[in-house]
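# Tertiary structure, described
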Amino acid sequence: MFAGSIPHGCVEQLLKVVPLGHWSSVRVAWSGAFILEQSILSRYPDLEVYGNDVSLYSCSLGKALINEPIDINFHSRLQFIQDYLGKDAPYSIKVAAVLVAYELSKYASDNIYGKKHFDYIQEAFPEILIKFHLKIEALIERTKLKGFFSGDWKEQVKEAAESGGGFIAFPPLKKGGPKKMQDFLDSSISWEPPSFNHFDPKELSSTIDWLKSLGIPYCLGSDQFLQEHEKCSYFIRSRDNSFYVYSDFSGRNSLRHYSNSQDTRASGSAEPFLYTPIDTARLRKKSKVEIVKAEQNNLNFIKNIYLAKGISHSFSGNIKPAYFVFIDKMLAGGIIYKPSDYAVITDSGIHYEPSQMLRILSDVCVSTQNKCSKLISMIATSRSLILPIQNQKLNKIEYITTTAFSNSKMSMKYRGIFELNSRRPSTDEIDGYDYVLQYGSKVSELQPHQLYRIWFDKYSGLKSKTRNNGQQSSSRKAEKLN
Ligand SMILES: C[S@@+](CC[C@H](N)C(=O)[O-])C[C@H]1O[C@@H](n2cnc3c(N)ncnc32)[C@H](O)[C@@H]1O
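Residues numbered from 1 in each chain as written. Predicted model: local features only at pLDDT ≥ 70, side-chain atom pairs only at ≥ 80, totals over all residues. Heavy atoms only, no water.

### What to know about the packing of helix α5 (residues 91-105) against helix α9 (residues 179-188)
The contact between α5 and α9 brings their axes to 9 Å, and the two run at 130°. The pairing of α5 with α9 is recorded here as oblique in orientation. The two elements α5 and α9 cross, and the hand of that crossing is right-handed. Between α5 and α9, the contacting residues are A101, Y102, L104 and S105 on the first element and M181, F184 and L185 on the second. Classifying every residue of the contact of α5 with α9 by side-chain character gives six nonpolar, one polar and no charged. (Axes fitted to C-alpha atoms, helices over the stretch in contact; angles between N-to-C directions. Helix = DSSP H or I, 4+ residues; strand = E, 2+ residues; numbered from the N terminus. Parallel < 35°, antiparallel > 145°, perpendicular 65-115°, else oblique. Left-handed = near helix turned anticlockwise from the far one by under 90°. Contact = heavy atoms within 4.5 Å. Nonpolar A, V, L, I, M, F, W, Y, C, P; charged D, E, K, R; others polar.)

Rendered as structure tokens:
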């Protein structure tokens, strides 16, 4: 009971970053098990917090938290509950009985396994009821809600806008809920359910647009990464299990990240750090390019956030040379090299031995704007980055190779800047990509800032005088210029 789908650490992090204490009131939606409300109130006990939901579970609890009982009656297979409670049972006991009914709904199927469990819970009902009741009493004690709205989340948003308060929620990650359980509850408990619409996670971006247009403070947590919306914190459990908090709050120009220690087993240790992600609209032709040697664990951290989900490399083990690329002090991306194990015959027919080559294990970019990822790959070819490695190996490095996984026959990232040396269909059924593409490029004698200027003119679609007006033309337009 009371276990929600929101990662606890994510809420803790959100509360550290967003100053909810400055909001006049907080409207929560999709309250579920009141996880958010409990965390907010334990940090800001005097804040006016309003819950919202539509299910019998959450509405009966929510109404208990504000001491406004609603009518609930058990019948059909749950008639035994009604008989046990009688007419005058205190409301909080009735709510405890609702929670037992939810337990029973898991075993409502007409099979031996279901019947056995159902019978067991029915027999033990008085003891289970007491256990749930104690939990509810404890929840009521520590969760002093100002109000609870039984109805659609959109109404809760409107309330926040009308009252001048803020809105905070972790919307459902899937559309709808378990139908069988719901059917059982509907057929054996009567109450007045509110009308509502199911939230479709595809609506997340337009929901954020709506909140922005209302001009209210907001925080929305989700497992979806939306490039187009500002985030105030990332919470990374593993590469395939991250939470992002979207918020109007921009009091710090650096994001807060947290990755829990379990990540480190999957991809080598990952250490969070504060940085300003690149905003390509602020770039100009003479922007300052800085290449900084990266600590492996910091780079892992960036990779966990920005690398396409599903692509997984092992980074632990031998230390690999790694760099961050900063432009005007904003982090654009990172590069990790490794020695090459194979000889290559390039598309243009030149043979390179492994000793003459270096592989790019990762060239990660923090922005999807203005073909920024091309810039990182171009900079990865610069001899100035390769020189320290070359000096250690005592071999001249002539050629850089890398592998791209793609659903297209070509990778847009490397197109025009690297040559495609081989293409084969992916044999890995679960990585989700159709092709494995081998790309390569001669080592460039140009410095990173020179490569940056080529990228700026040729690929970025940015105009030379963007310092003050931030104007940018589309990348497509830039391609036409080539
Ligand atoms: C995934 S659950 C709980 C999420 C919650 N943030 C948590 O992790 O504890 C989603 C909740 O949203 C509620 N819900 C579904 N549709 C809703 C709607 N249109 N308006 C308000 N709440 C809704 C469900 O009853 C359920 O309690």
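### Quick word on the side chain of T143
Residue position: T143 is located in the loop between α7 (125-142) and β4 (147-150). Here the side chain of T143 touches L139 through a polar contact of 2.9 Å, landing on its backbone oxygen. Excluding anything up to four places from it in sequence, T143 contacts E37, Q38, L41 and L65. (Polar contact = N/O pair within 3.5 Å; in protein donor to acceptor, adjacent residues only side chain to side chain.)

### Quick look at the pairing of strand β1 (residues 26-29)
Burial along β1 is two-sided: V26 and V28 facing one way and R27 and A29 facing the other are all buried. Bridge count between β1 and strand β5 (residues 166-169): four bridges; the pairing is parallel. Following the sheet pairing, A29 is matched in β5 by A169. Summarising the sheet, β1 and strand β2 (residues 49-53) pair through two bridges and their orientation is parallel. By the bridge assignment for β2, R27 is matched with Y50. In terms of handedness, the path from β1 via helix α2 (residues 35-43) over to β2 forms a crossover that is right-handed. (Buried < 20%, exposed > 50% of the residue type's maximum accessible area, 1.4 Å probe, protein only. Pairing = 2+ DSSP bridges. Right-handed = clockwise from strand over helix to strand, strands pointing away.)

### A few points about the packing of aromatic side chains
Each aromatic ring pair is characterised by the separation of its centres together with the angle its planes make. Tallied over the entire structure, the rule returns 19 aromatic pairs. Their ring planes at 70° and their centres at 5.1 Å tell us that W30 and F199 sit as a pair that is edge-to-face. Of this pair, W30 sits in the loop between β1 and α2 while F199 sits in the loop between β6 (189-190) and α10 (204-214), and the two are 169 residues apart along the sequence. Measuring from centroid to centroid gives 6.0 Å for F170 and F243, while their planes differ by 40°, and the two rings are tilted. Of this pair, F170 sits in the loop between β5 and α9 while F243 sits in strand β9 (residues 241-247), and the two are 73 residues apart along the sequence. Across the pair, F243 and F170 agree in class, each one buried. Taken together, W30, W153, F199 and W210 form an aromatic cluster joined through their ring pairs. Positioned above the aromatic ring of F225 is the side chain of K231, whose terminal nitrogen or guanidinium carbon lies 4.8 Å from the ring centre. Here the guanidinium or amino end of K374 rests over the ring plane of Y459, the centre of that ring lying 5.3 Å away. (Phe/Tyr/Trp six-rings, centres within 6.5 Å; stacked < 30°, edge-to-face > 60°. Lys NZ or Arg CZ within 6 Å of the ring centre and 35° of its normal.)

### Side note on the confidence of the model for the protein
Interpretation of the predicted coordinates at a detailed level should be avoided for regions scoring low in pLDDT. Chain-level pLDDT for the protein is 85 on average; 83% of the residues reach the 70-or-more range. Contacts of residues 260-267 to residues separated by more than four positions or lying in other chains number 13 contacts, the stretch itself having pLDDT below 50. Throughout residues 466-482 the model reports pLDDT below 50, and contacts reaching past four residues in sequence, or to other chains, amount to 25 contacts. (pLDDT = per-residue confidence, 0-100.)

### Quick notes on the pattern of salt bridges
Considering all chains together, one arrives at 12 salt bridges under this definition. A salt bridge links K338 to D341, with the shortest nitrogen-to-oxygen separation between them at 3.8 Å. Since its relative accessible area comes to 54%, D341 is described here as exposed. (Salt bridge = Lys/Arg side-chain N within 4 Å of Asp/Glu carboxyl O.)

### Re empty space enclosed by the protein
Applying the stated criterion across every chain yields a total of one cavity of 30 Å³ or more. Size it by volume and the largest cavity reaches roughly 40 Å³. Forming the boundary of the largest cavity are P171, P172, L173, F199, P201, L204, G221, S222, D223 and Q224. Of the residues belonging to the lining of the largest cavity, the class tally is six nonpolar, three polar and one charged. (1 Å grid on protein atoms, 1.4 Å probe; cavity = no way out; pocket = protein on both sides within 12 Å on 5 of 7 lines; lining within 4 Å. Points joined across faces, edges and corners; volume = space filled by probe spheres on them.)

### Let's talk about the nonpolar core
For soluble globular proteins, nonpolar side chains are generally found buried alongside one another. Counting residues in hydrophobic clusters, the biggest one holds 69 residues, and the most contacted among them are F167, L283, I335, Y337 and W455. Residues lining this core come from more than one domain, with at least three contributed by each of domain 1 (8-257) and domain 2 (280-481). Residues in contact with W455, not counting those within four places in the same chain, are L283, N370, K371, C372, K374, L375, M378, S460 and L462. Counting residues in hydrophobic clusters, the runner-up holds 68 residues, among them L14, W23, A97 and Y107. (Core = buried A, V, L, I, M, F, W, Y, C linked by side-chain atoms within 4.5 Å. Domains from an automatic or database assignment.)

### Things to note about the pairing of strand β13 (residues 330-339)
Within β13, eight of the 10 residues are buried, which leaves the element mostly enclosed by the surrounding structure. Pairing of strand β12 (residues 322-327) with β13, which is carried by six bridges, proceeds in the antiparallel orientation. When the bridges of β13 are listed, A322 appears paired with I336. The antiparallel pairing of β12 with β13 creates a hairpin that spans two residues between the two strands, and D328 there sits at a positive phi of about 50°. In this structure, β13 lies alongside strand β16 (residues 357-365), joined through seven bridges in antiparallel fashion. Across the sheet, I335 pairs through a bridge with D363, a residue of β16.

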